[in-house]
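Spelled out, the chains give:
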Amino acid sequence: MLSMKNVSKVFKTDLVETHALRDFNLEVNEGEFVAVTGPSGSGKTTFLNIAGLLEGFTHGDYFLDGINVSNLSDNKSATIRNEKIGFIFQGFNLIPDLNLAENIEVPLRYRGFNAKERQRRVQEALEQVGLASRLKHLPTQLSGGQQQRVAIARALAGEPRFLLADEPTGNLDSLMARQVMELLENINQAGTTIIMVTHDPELARRAQRNIQIVDGQVCDFTMYHQGYRHVSDINAATDIDKLVANADR
Amino acid sequence: MLHIKPILSSLLRSKSGPILLLIQIILSVAIVANASFIIQERLALMQRDSGIKESEVLTFSLFNFDPLIDKTAQNKIDQQILRGLPNVIDATSTNMLPLSGGGWSSTLKLGPDPDSTKSTPQFAMYLGTDHTIETLGLKLIEGRNFYPHELKDSLDSPSRLAIISSVLAKAIWPDESALGKVLYEGKDAQITVIGVVEKLQGAWIDSSSLENSVIQNVDYGSSSYMVRAKSEFHAELKDAIKKALLAENPNRVLDGFKSIEALKDSSYRDHKLMITVLTMMVVLLLLITSLGLTGMVMFNIQRRTKQIGTRRALGAKKRNIISYFLVENYLICLAGGVLGGLLAIQLGQQLMKIYSLPMLELSYPLFTVAGLFIVTTLAVYLPARKAANISPATATRSV
């Protein structure tokens with residue numbers, strides 16, 4: 001589904017070269033739920049941006065759903081983002097002037113769907129997140145958790161191959177965070193690949209696999225928990241907890 | 001895809017900025033449409049063909065102070081002298097100068113009984129000679145010129161001849177030739193039309209009867225003269241005229257050398273001023289409107305940086321972002337254009353009532369709105385292109 005080989009990202013100024021990612025290698029299989037953790041400045045957001053084709057990279061190869069996306073034009077990147085990737089942002093990124101239906105329609109319009117198809121997908125997506133009755137509400141009329149569910153509905157409406165979630169519960173209280181996480185787990189169980197960047201060790205533990213990024217490189221701990229599809233190494237949880245705790249300190 | 005509905009929804013939900021811009025556009029359209037119409041009207045007035053070779057005809061006044069002089073005889077001698085000067089095409093004396101703002105005007109009767117017959121429209125009354133047509137460069141389209149022996153010395157003559165402008169001829173005898181027709185001055189004097197010139201304007205540019213002119217065969221012995229020569233000879237001709245006429249009789253003063261072109265320029269000075277002021281106003285209004293549009297787009301780009309990044313992340317291509325801003329402003333422009341057009345028509349009607357201006361043609365608001373769309377495109381495109389370059393990665397930044 002997602003394969004990064006020796007991907008590097010270097011930010012250059014006149015005086016300094018900053019290596020945000022160095023020889024970054026990652027394989028994510030179809031249907032996986034991967035949590036990406038790491039200390040601030042470790043390169044999590046850069047990884048997310050590159051994975052979501054939001055920005056380019058300096059070296060290496062990146063294959064997404066079998067397509068080499070290393071040197072795509074701006075238009076082609078936009079098309080792949082629109083058709084294959086669903087984004088969930090920490091700040092929800094809903095458009096305040098548009099109601100929920102119109103917000104969910106945004107990527108569908110860029111995809112060229114007709115009004116009937118858009119309406120069907122909006123309805124289905126809102127039903128999936130339990131907000132079908134709030135079609136005409138504005139984002140400001142919803143709680144944070146509800147707004148994030150709308151953002152998830154927007155991501156799902158395009159029926160993407162995988163979801164990229166950037167701190168999806170970062171702006172939510174624990175109850176709402178749990179609800180959103182349960183929703184993401186349900187989506188993953190329905191077959192959608194999810195990559196989630198998070199600071200929250202509890203959330204990270206609930207993913208099938210944890211990727212720890214430190215100094216722009218991957219420290220890979222495979223962590224299969226009870227209740228997930230491939231339970232095998234429960235001890236890894238202890239290691240990841242330590243790492244995450246250190247990172248947050 | 002233009003995505004008009006969500007753009008419209010978005011505009012309706014955050015109204016204050018668009019409403020201010022809308023008001024600006026409405027007022028601009030109303031004012032620009034009417035100002036453009038007035039400019040066009042004035043330009044059309046200025047560009048009317050007078051029928052005269054304006055740049056070639058040099059005019060001047062000659063004042064005799066010799067009490068013993070026979071003014072009529074001297075006038076004839078002076079005309080002969082003028083015609084004999086180098087480079088002169090023709091010359092004549094006249095009672096009035098075309099397009100000068102001053103002259104003679106009159107009406108005549110269509111029948112001998114002044115009480116029962118209709119009058120002609122008002123016309124400019126030139127008293128001229130057999131050289132008047134050639135001196136002014138008029139085009140005779142019917143009939144003939146005066147013969148030298150037909151010239152009269154005064155208006156007292158009861159039987160006179162006239163050459164009239166075609167506009168006047170049509171106004172009096174719309175369906176028949178004017179040649180041979182007789183006009184009456186009181187009970188006794190008869191004026192027979194012997195020729196029609198294509199065009200000859202009178203002296204008053206704002207008069208509705210500017211195109212109505214009559215030249216009568218009266219060599220009046222006036223103090224005004226017209227001399228026709230190519231304009232490049234006018235400077236030396238002026239000196240030659242002074243020298244020759246003062247040599248003939250030194251007890252007189254020559255003054256006011258001006259071409260008819262200069263007289264016309266002077267008469268249209270107020271119109272030119274109005275055109276300049278209105279043009280500046282139109283340009284300023286369009287500039288202010290375009291700055292308003294650019295300002296609002298730039299403000300919106302700053303306000304919506306994250307939103308634009310999000311749209312890009314969700315699959316918007318650069319052209320989608322550009323078209324978003326264009327469509328958004330086209331919608332404001334369209335609403336402003338429609339309302340401004342209606343206001344322009346209202347304003348035009350008020351101007352028509354108060355200042356007797358012609359009715360505003362519908363094409364002016366339409367052209368103004370079309371122009372506004374061009375201004376909008378120019379004002380919005382560059383900032384919109386800047387917006388399109390906002391990175392989709394902005395969506396994941398905490399801004």
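Because the structure is predicted, anything quoted here is derived from the model rather than measured. Counting of residues starts from 1 at the beginning of each chain's written sequence and follows it residue by residue. Following the order in which they are written, the chains are lettered starting with A and the ligands numbered starting with 1. With the structure being a predicted model, the display of local features is reserved for residues of pLDDT at least 70 and the display and counting of side-chain atom pairs for 80 or more, all residues being used for whole-chain, interface and lining totals. Computation of side-chain values: all heavy atoms of the structure, hydrogens and water removed.

## Comments concerning the overall build of chain A
1) Next: Here a strand is any run of E in DSSP of at least two residues, a helix any run of H or I of at least four, and the numbering for each starts at the N terminus. A tally of helices and strands in chain A yields eight helices and ten strands.
2) Next: Scored against the burial criterion, the 249 residues of chain A give a buried share of 55%.
3) Next: What makes two residues a contact is simply this: any of their non-hydrogen atoms within 4.5 Å. When contacts within chain A are restricted to residue pairs at least 6 apart in sequence, long-range pairs at least 24 apart make up 67% of them.
4) Next: The protein chains shown are the only cover counted for residues, whose accessible areas, like all others here, come from Shrake-Rupley with a 1.4 Å probe. Element-wise, carbon and sulfur atoms account for 45% of the exposed surface of chain A, whose accessible area totals about 10700 Å². A simple rule labels every residue: compare its accessible area, found with a 1.4 Å probe on the protein chains alone, to the largest value its type can have, and call it buried under 20%, exposed over 50%, or partly exposed in between.

## Concerning the overall build of chain B
1) Next: Across its full length, chain B holds eleven helices and eleven strands.
2) Next: The globule rule is 2.2 Å times the number of residues to the power 0.38, and the radius of gyration it is compared with is taken over C-alpha atoms. Its C-alpha atoms give chain B a radius of gyration of 32 Å, more than 25% over the compact-globule value 21 Å for 399 residues.
3) Next: Taking the principal axes of its C-alpha atoms as reference, chain B extends roughly 105 × 55 × 30 Å.
4) Next: Working note: accessible area of chain B is about 18600 Å², and carbon and sulfur atoms make up 60% of it.
5) Next: For chain B, the distance from the average position of its 41 positive side-chain charges to the average position of its 34 negative side-chain charges is 23 Å. Only four residue types enter the tally: Lys and Arg on the positive side, Asp and Glu on the negative side; His and the chain ends are excluded. Taken as the charge centre is NZ of Lys, CZ of Arg, CG of Asp or CD of Glu, depending on the residue.

## Re helix H11 (residues 363–388) of chain B
1) Next: Every helix has an expected span of 1.5 Å times one less than the residues it contains. For H11(B), built from 26 residues, the straight-helix expectation of 38 Å at 1.5 Å per residue is met to within 8% by its first-to-last C-alpha distance of 36 Å.
2) Next: A residue's bend is given by the angle between axes fitted to the 7 residues ending at it and the 7 residues starting at it. Of all bends in H11(B), the biggest is about 35°, found at Tyr381(B), and the proline Pro383(B) comes one to four residues later.

## Things to note about the interface of chain B and chain A
1) Next: At the interface, 26 residues of chain B touch 30 residues of chain A.
2) Next: A 1.4 Å probe defines the accessible area here, and the buried area is the portion of it lost by two parts on being joined, summed over both. At the boundary of chain B with chain A, total buried surface from both sides reaches about 2500 Å², with 53% on carbon and sulfur atoms.
3) Next: When residues of chain B are sorted by the area they lose upon contact with chain A, Arg13(B), Leu314(B) and Thr396(B) head the list and together hold 26% of the total.
4) Next: By convention in these notes, a salt bridge is any Lys or Arg side-chain nitrogen within 4 Å of a carboxyl oxygen on Asp or Glu. At the boundary of chain B with chain A, the tally comes to two salt bridges.
5) Next: For the salt bridge of Asp74(A) with Arg312(B), the shortest nitrogen-to-oxygen distance reads 2.8 Å.
6) Next: Going through the elements one at a time, helix H1 (4–13), helix H9 (305–313) and helix H10 (318–355) of chain B are the ones with two or more residues in the side of chain B that touches chain A.
7) Next: Take the side of chain B that touches chain A: its biggest share by element is six residues, from H9(B).

## Topic: the sheet that holds strand S5 (residues 67–68) of chain A
Residues and elements named next belong to chain A.
1) Next: Here we have four strands laid out as an open sheet, ordered S2-S1-S4-S5, and antiparallel in their pairing. Both outer strands of the open sheet, strand S2 (17–28) and S5, are each paired with one neighbouring strand and no more.
2) Next: Sheet topology places strand S1 (residues 2–12) next to S2; eight bridges connect them, and they run antiparallel. Bridge assignment links Lys12 to a residue of S2, and that residue is Glu17.
3) Next: Note on method: axes are straight lines fitted to C-alpha atoms, helices fitted across the in-contact stretch only, with angles between N-to-C directions ranging 0 to 180 degrees. On top of the sheet, helix H1 (residues 44–51) reaches S1, S2 and strand S4 (59–64); it is set at about 120° to S1, its chief contact. We treat two strands as partners when DSSP finds at least two bridges between them.

## Describing the pattern of salt bridges
Residues and elements named next belong to chain A.
1) Next: Scanning the entire structure with this criterion turns up 29 salt bridges over all chains.
2) Next: Two residues, Glu55 and Lys9, come together in a salt bridge whose shortest N-O distance is 3.4 Å. With Glu55 in the loop between H1 and S4 and Lys9 in strand S1, this pair connects stretches of sequence that are 46 residues apart.

## Description of a nonpolar patch on the surface
Residues and elements named next belong to chain B.
1) Next: The residues that make up patches have over 30% relative accessible area and no salt bridge, and they are joined within 9 Å when like-charged or within 5 Å when they are Val, Leu, Ile, Met, Phe, Trp or Tyr. Together, Ile19, Leu20, Ile23, Leu27, Ile31, Met281, Leu343 and Leu347 give the surface a local cluster of nonpolar side chains, amounting to about 650 Å² of exposed area.
2) Next: For the nonpolar patch, the secondary-structure elements that each account for two or more residues are helix H2 (16–46) and H10.
3) Next: Counting residues per element, the nonpolar patch draws most heavily on H2, at five residues.
4) Next: Mapped onto the fold, Ile19 is located in helix H2.

## Some details on the nonpolar core
1) Next: Counting 37 residues, the largest nonpolar core has Ile152(A), Leu163(A), Leu184(A), Ile187(A) and Met196(A) as the members making the most contacts within it.
2) Next: Other than its neighbours up to four places away in sequence, Met196(A) contacts Phe33(A), Val34(A), Ala35(A), Val36(A), Ala165(A), Pro168(A), Met181(A), Leu184(A) and Leu203(A). Grouping buried Ala, Val, Leu, Ile, Met, Phe, Trp, Tyr and Cys residues that are joined through side-chain atoms within 4.5 Å yields what is termed a nonpolar core.

## As for the side chain of Ser157(B)
Residue and element names in this part refer to chain B.
1) Next: By the secondary structure assignment, Ser157 is in the loop between strand S5 (140–143) and strand S6 (159–165).
2) Next: Ser157 gets classed as buried once you look at its relative accessible area, which sits at 15%.
3) Next: Filtering out sequence-adjacent residues up to four positions away, Ser157 remains in contact with Lys152 and Ala189.

## Considering the environment of Ser10(B)
1) Next: Within the fold, Ser10(B) resides in helix H1.
2) Next: Judged by relative accessible area, Ser10(B) falls into the buried class, the value being 3%.
3) Next: Along the backbone, Ser10(B) and Glu328(B) are 318 residues apart, and their C-alpha atoms lie at a distance of 9.2 Å.
4) Next: Excluding residues that lie within four positions of it along the chain, Ser10(B) makes contacts with Asp97(A), Leu98(A) and Tyr324(B).

## Focus: the confidence of the model for chain B
1) Next: Within a predicted model, pLDDT stands for the predictor's per-residue confidence, ranging from 0 to 100. When pLDDT is averaged along chain B, the result is 92; 99% of the residues meet or exceed 70.
2) Next: Across the predicted assembly, pTM comes out at 0.75 and ipTM at 0.86.

## A few points about the sheet that holds strand S1 (residues 57–64) of chain B
Residues and elements named next belong to chain B.
1) Next: In space, the four strands of this open sheet follow the order S2-S10-S1-S11, with antiparallel pairing throughout. Edge strands, defined here as strands with exactly one partner in the open sheet, are strand S2 (90–94) and strand S11 (252–259). Looking at each pair of strands side by side, their axes are set apart by 20° on average, direction ignored.
2) Next: Of the pairings in the sheet, the one linking S2 to strand S10 (residues 224–228) comprises five bridges and is antiparallel in character. Counted as the bridge partner of Asp90 is Arg228 from S10.
3) Next: Across the sheet, helix H3 (residues 71–83) lies against S1, S2, S10 and S11, angled at about 155° from S2, the strand it touches most.

## What about the domain arrangement of chain B?
1) Next: The domains assigned to chain B are domain 1 (4–47 + 269–396) and domain 2 (66–250).
2) Next: Where a domain begins and ends is set by an automatic assignment or by a domain database. On a C-alpha basis, the centres of domain 1 of chain B and domain 2 of chain B stand 54 Å from each other.

## Here we look at the packing of aromatic side chains
1) Next: Only rings of Phe, Tyr and Trp enter the pairing, Trp through its six-membered ring, and a pair is recorded when the two centres are within 6.5 Å. The plane angle decides the type: under 30 degrees is stacked, over 60 is edge-to-face, the rest tilted. In total, this model carries eight aromatic pairs over all chains according to the counting rule given.
2) Next: Summarising the aromatic geometry, the rings of Phe87(A) and Phe89(A) are spaced 5.8 Å apart at their centres and angled 5° between planes, so their arrangement reads as stacked.
3) Next: Taking the centre distance of 5.3 Å and the plane angle of 10° together, the rings of Phe60(B) and Tyr225(B) count as stacked. Here the residue Phe60(B) occupies a position in strand S1, and Tyr225(B) occupies one in strand S10, the gap between them amounting to 165 residues.
4) Next: Its relative accessible area of 0% is what places Phe60(B) among the buried residues.
5) Next: The buried category is assigned to Tyr225(B), whose relative accessible area is 2%.
6) Next: Ring pairing ties together the aromatic residues Phe60(B), Tyr225(B) and Phe257(B), which thus form one cluster.

## Overview of the environment of Leu163(A)
All names here are of chain A.
1) Next: With respect to the helices and strands, Leu163 occurs in strand S7 (residues 162–166).
2) Next: On the basis of relative accessibility, which here comes to 0%, the residue Leu163 falls in the buried class.
3) Next: As for Leu163 and Ala190, which are separated by 27 residues in sequence, their C-alpha atoms are 12 Å apart.
4) Next: Once residues within four sequence positions are removed from consideration, Leu163 is found in contact with Gly86, Ile88, Ala155, Leu156, Leu184, Ile187, Thr192, Thr193, Ile194 and Ile195.

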